[in-house]
Amino acid sequence: MSTVGDHVERFAPLWQEPAVPPRWIIWHPDADTMVFDTELNIPVPVDDASLGEVLRRMREAGAPESDAYPGRACG
């Protein structure tokens, strides 16, 4: 006999962390906010005039945000 819990568990992948992390992250180092490219391991050069709209669209799309360094160790 199956229960509601068993039925819901088959959808578990829908709320688990993705196997591949997102490429672009909104990063908050100190009092700054920038877009970080985790594939190239560098901040994305977004001009100040466009940054607000870029961040708005990223947030609307569900891009993750972090105060911690989102890249991998260099070297």
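Placed above this text is the structure.
Below is a short write-up of the structure. Remember, it's a predicted structure, so these values are computed and weren't measured experimentally.

## Quick word on the overall build of the chain
Okay, so step 1: From N to C terminus, the chain includes two helices and four strands.
Okay, so step 2: If you list the helices and strands of the chain from N to C, you get α-β-β-β-α-β.
Okay, so step 3: The buried share among the 75 residues of the chain stands at 21%.

## Describing helix H2 (residues 48-60)
Okay, so step 1: With 13 residues, H2 should cover 18 Å at 1.5 Å per step; its first-to-last C-alpha distance of 19 Å lies within 8% of that length.
Okay, so step 2: Every buried residue belonging to H2 is among Leu-51, Leu-55 and Met-58, and all of these are buried. The buried residues of H2 occupy one face: seen down the axis, they fall within an arc of 65°. Residues of H2 that are exposed and point more than 90 degrees away from the buried face comprise Ala-49, Gly-52, Arg-57 and Glu-60.
Okay, so step 3: On its buried face, H2 is in contact with strand E1 (24-27) and strand E2 (34-37).
Okay, so step 4: Looking one or two residues beyond H2, the residue adopting positive phi is Gly-62, at roughly 90°.

## Topic: the packing of aromatic side chains
Okay, so step 1: Evaluation of the coordinates by the stated rule reveals three aromatic pairs.
Okay, so step 2: Aromatic pair Trp-27 and Tyr-69: ring centres 5.4 Å apart, planes at 75°, arrangement edge-to-face. You can see Trp-27 sitting in strand E1 and its partner Tyr-69 sitting in the segment after strand E4 (65-66), a full 42 residues away along the chain.
Okay, so step 3: Look at Trp-27 and you get buried, because its relative accessible area is 13%.

## Comments concerning the nonpolar core
Okay, so step 1: Counting residues in each nonpolar core, the largest one holds five residues, listed as Ile-26, Val-35, Leu-51, Leu-55 and Met-58.
Okay, so step 2: The element best represented in this core is H2, accounting for three residues.
Okay, so step 3: When sequence neighbours within four positions are dropped, the list of residues in contact with Val-35 reads Trp-24, Ile-25, Pro-43, Val-44, Val-46, Val-54, Leu-55 and Met-58.

## Description of the environment of Ile-26
Okay, so step 1: The residue Ile-26 is located in strand E1 in this model.
Okay, so step 2: On the basis of relative accessible area, Ile-26 is assigned to the buried category, the value being 0%.
Okay, so step 3: Measuring from C-alpha to C-alpha, the distance between Ile-26 and Arg-59 comes to 8.4 Å, with 33 residues separating the pair along the chain.
Okay, so step 4: Those residues within four positions of Ile-26 in sequence are excluded, and the remaining contacts are Thr-33, Met-34, Leu-55, Met-58, Arg-59, Ala-63, Pro-64, Glu-65 and Ser-66.

## Observations regarding a nonpolar patch on the surface
Okay, so step 1: Among the surface-exposed residues, Val-8, Phe-11, Leu-14 and Trp-15 lie close enough to one another that they form a single nonpolar patch of about 430 Å² accessible area.
Okay, so step 2: Locating Phe-11 in the fold gives a position in the loop between helix H1 (4-9) and E1.
Okay, so step 3: On the basis of relative accessibility, which here comes to 33%, the residue Phe-11 falls in the partly exposed class.

What counts and what doesn't
Here the residue index of a chain counts from 1 through its sequence in written order. Whole-chain, interface and lining totals are the exception, using all residues; otherwise, since this is a predicted model, local features are given only for residues with pLDDT of at least 70 and side-chain atom pairs are given and counted only at 80 or more. To obtain the side-chain values, all non-hydrogen atoms of the structure were used and water was disregarded. Counting from the N terminus, the helices are the DSSP runs of H or I reaching at least four residues and the strands are the DSSP runs of E reaching at least two. The rule is simple: take the accessible area with a 1.4 Å probe, protein chains only, and divide by the maximum for that residue type; under 20% is buried, over 50% is exposed, in between is partly exposed. To estimate how far a helix should extend, the number of its residues minus one is multiplied by 1.5 Å. Here the arc refers to the directions that run from the helix axis out to each C-beta atom. Note on contacts: a residue pair qualifies if any of its non-hydrogen atoms lie within 4.5 Å across the two residues. Stacked, edge-to-face and tilted are the three classes for Phe, Tyr and Trp ring pairs, Trp counted by its six-membered ring, which pair at centre distances within 6.5 Å; planes under 30 degrees apart are stacked, over 60 edge-to-face, the rest tilted. The set of buried Ala, Val, Leu, Ile, Met, Phe, Trp, Tyr and Cys residues whose side-chain atoms join them within 4.5 Å is what this entry labels a nonpolar core. Like-charged residues are merged into a patch within 9 Å and nonpolar side chains (Val, Leu, Ile, Met, Phe, Trp, Tyr) within 5 Å, provided each residue has over 30% relative accessible area and no salt bridge. The protein chains shown are the only cover counted for residues, whose accessible areas, like all others here, come from Shrake-Rupley with a 1.4 Å probe. The rule for a salt bridge is simple: a side-chain nitrogen of Lys or Arg has to be within 4 Å of a carboxyl oxygen of Asp or Glu.

Note that all results are geometric; they support no functional claim without further evidence.
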